[in-house]
Structure formats: structure tokens, C-alpha cells
Amino acid sequence: EHGGGGVGGGRERRAASRRWGQAGDERRARAMASETQTLHRIAVEQRVGNGSATFVISNEGHTLGNALRNELMKDPSVDLCGYTVPHPMEKIIKVRVQTSGADGSATQKVHEGLSRISSGMDVWKKRFDAALEGVEVTIVPKVDVEALKRAAASKKNRMSDE
């Protein structure tokens, strides 16, 4: 074979590529399954005294990070709060909290902030459910675009045959 580069040429490379591809598919499937089963975990990455800490929250992104930052900055005893998403492919956020220390620890403030966000979501869910009360919801089936294209092409072919 041309461009074989060794015994057996491209056939072995293609077979190896398929094996690696299958292994990658299996790894991705296992990772996706574990993601759906993994609970949100919060770990303290760094703590300086009682009033300052960096928390790592898994399986979260900008949605919780921004909400938590906004909620914590409403507390007058929180001096600083910010978050980062270290890498877009990683589903973690790092939240840095610094408090004056007078009204509790950084851990306590994060716990209180998450509790306020959670209870706020309960309020919004109740409002949403109340707004939908008496409204008939119709679920529209997904349109198979390819089937529509095939049907249009078939009709066009029949018309040109006539």
C-alpha cells in the first residue's frame, strides 16, 4: 500500500484508530453517567483564619457562581466575594469569600447564602406553578427535518416524472 509506513500499512492504523475511538466513546459514556450521578460537592481549598476561605463547588458553573456572589455581597459582614470557573471544560467553580469575622465564618456565610438562594427558588417555583394554573400546556412533538426534506424531494421527483 502507498504510504503504509510499515508492515500492513494503513489497515492496522485504521483498526487501532477504531479501537481508540471505541475506548474514547466508552470513557465519555462512563464520564457522562458519573456526572449525572455525582452530587454537588463543596470542598474548602484554602482557609485563612475563620473569616476567609476559598471553596470549590463541583458540577456547577456561572449560574450558581454569580447568584451566590450576588447573594453574599448583600451581607454587610462580607468584605469580598468572587468566583471563577478555572476552565470551561471543567464543571467546577471556585468561590473566594472574606468576611470581617465579627458575624461568623466564611463557611457559615456561604451556607446562609446557599440557603437563601434555595428558598428563593422555592418561591419562584410556587409563582410559576400558580401562573400555569388553569393553562393548558401542549407538548409539540419534535419535527424530523430530514423526513420533511425526503418527503419534499420525493414529491418533487413525482411531479417531474409526470
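These numbers were taken from a predicted model, which means no experiment stands behind them.

## Quick word on the sheet that holds strand β4 (residues 92–99)
- Pairing is antiparallel across the open sheet formed by four strands, whose spatial order is β1-β2-β4-β3. Each edge of the open sheet carries a strand with a single partner, namely β1 (42–48) and β3 (78–84). Direction aside, neighbouring strands of the sheet carry axes that sit 15° apart on average.
- Where strand β2 (residues 52–58) meets β4, seven bridges bridge the pair, whose relative direction is antiparallel. Opposite F55, over in β4, you have V95 as the bridge partner.

## Comments concerning the packing of aromatic side chains
- For the structure on display, the rule yields zero aromatic pairs.
- The ring of W124 is capped by R127, whose NZ or CZ atom sits 5.1 Å from the centre of that ring.

## Quick look at the side chain of S77
- Locating S77 in the fold gives a position in the loop between α2 (62–73) and β3.
- Within the structure, the side chain of S77 is placed 3.2 Å from the side chain of K109, a separation counted as a polar contact.

## Let's talk about the pairing of β2
- Most of β2 is tucked away, with seven of its seven residues classed as buried.
- Residues S52, T54, V56 and S58 of β2 are buried on one face, and the alternating residues A53, F55 and I57, pointing to the opposite face, are buried as well.
- Across six bridges, the pairing between β1 and β2 is antiparallel. Counterpart to A43 in the pairing with β2 is V56.
- Once β1 ends, the chain turns through three residues before running back antiparallel as β2, passing G49 with a positive phi of about 65°.

## Here's the deal with α2
- Between the first and last C-alpha of α2 there are 16 Å, a value that for twelve residues agrees with the 16 Å anticipated at 1.5 Å per step.
- Those residues of α2 lying buried are L64, G65, L68, E71 and L72. Looking down the long axis of α2, one finds its buried residues gathered within 140° of arc, a one-sided arrangement. For α2, the exposed residues lying more than 90 degrees away from the buried face are H62 and T63.
- The elements touched by buried residues of α2 are β2, β3, β4 and α3 (106–132).

## Brief notes about the nonpolar core
- By size, the foremost hydrophobic cluster in this structure holds 14 residues, and its most contacted members are L68, V95 and V97.
- Within the residue set of this core, elements represented by two or more residues are β2, α2, β3, β4 and α3.
- Look past the residues within four positions of V97 in its chain and what remains in contact with it is G51, S52, A53, F55, L72, V78, L80, C81, A106 and V110.

## Some details on the environment of E60
- Relative to the helices and strands, E60 resides in the loop between β2 and α2.
- Here E60 falls in the partly exposed class, since its relative accessible area comes to 22%.
- As for E60 and K94, which are separated by 34 residues in sequence, their C-alpha atoms are 9.7 Å apart.

## Structural notes on the confidence of the model for the protein
- Summarising the model, the protein shows a mean pLDDT of 79, and 73% of its residues fall at 70 or more.
- Low confidence marks residues 1–6, where pLDDT is under 50. Its contacts with residues over four positions away, or in another chain, come to nine contacts.

## Section: the pattern of salt bridges
- Scanning the entire structure with this criterion turns up six salt bridges.
- Notably, a salt bridge pairs E71 with K74, separated by 3.6 Å at the nearest N-O pair.
- Where E146 meets K149, a salt bridge forms, and the shortest distance between an N and an O atom there is 3.8 Å. Of this pair, E146 and K149 both sit in helix α4 (residues 145–161), three residues apart, which is roughly one turn of that helix.
- Take E146: its relative accessible area is 44%, and that puts it in the partly exposed class.
- Residues participating in the shared-partner salt-bridge network are E71, K74 and R116.

What counts and what doesn't
- Residues numbered from 1 in each chain as written.
- Predicted model: local features only at pLDDT ≥ 70, side-chain atom pairs only at ≥ 80, totals over all residues.
- Heavy atoms only, no water.
- Pairing = 2+ DSSP bridges.
- Helix = DSSP H or I, 4+ residues; strand = E, 2+ residues; numbered from the N terminus.
- Axes fitted to C-alpha atoms, helices over the stretch in contact; angles between N-to-C directions.
- Phe/Tyr/Trp six-rings, centres within 6.5 Å; stacked < 30°, edge-to-face > 60°.
- Lys NZ or Arg CZ within 6 Å of the ring centre and 35° of its normal.
- Polar contact = N/O pair within 3.5 Å; in protein donor to acceptor, adjacent residues only side chain to side chain.
- Buried < 20%, exposed > 50% of the residue type's maximum accessible area, 1.4 Å probe, protein only.
- Expected span 1.5 Å × (residues − 1).
- Arc of directions from axis to C-beta.
- Contact = heavy atoms within 4.5 Å.
- Core = buried A, V, L, I, M, F, W, Y, C linked by side-chain atoms within 4.5 Å.
- pLDDT = per-residue confidence, 0-100.
- Salt bridge = Lys/Arg side-chain N within 4 Å of Asp/Glu carboxyl O.

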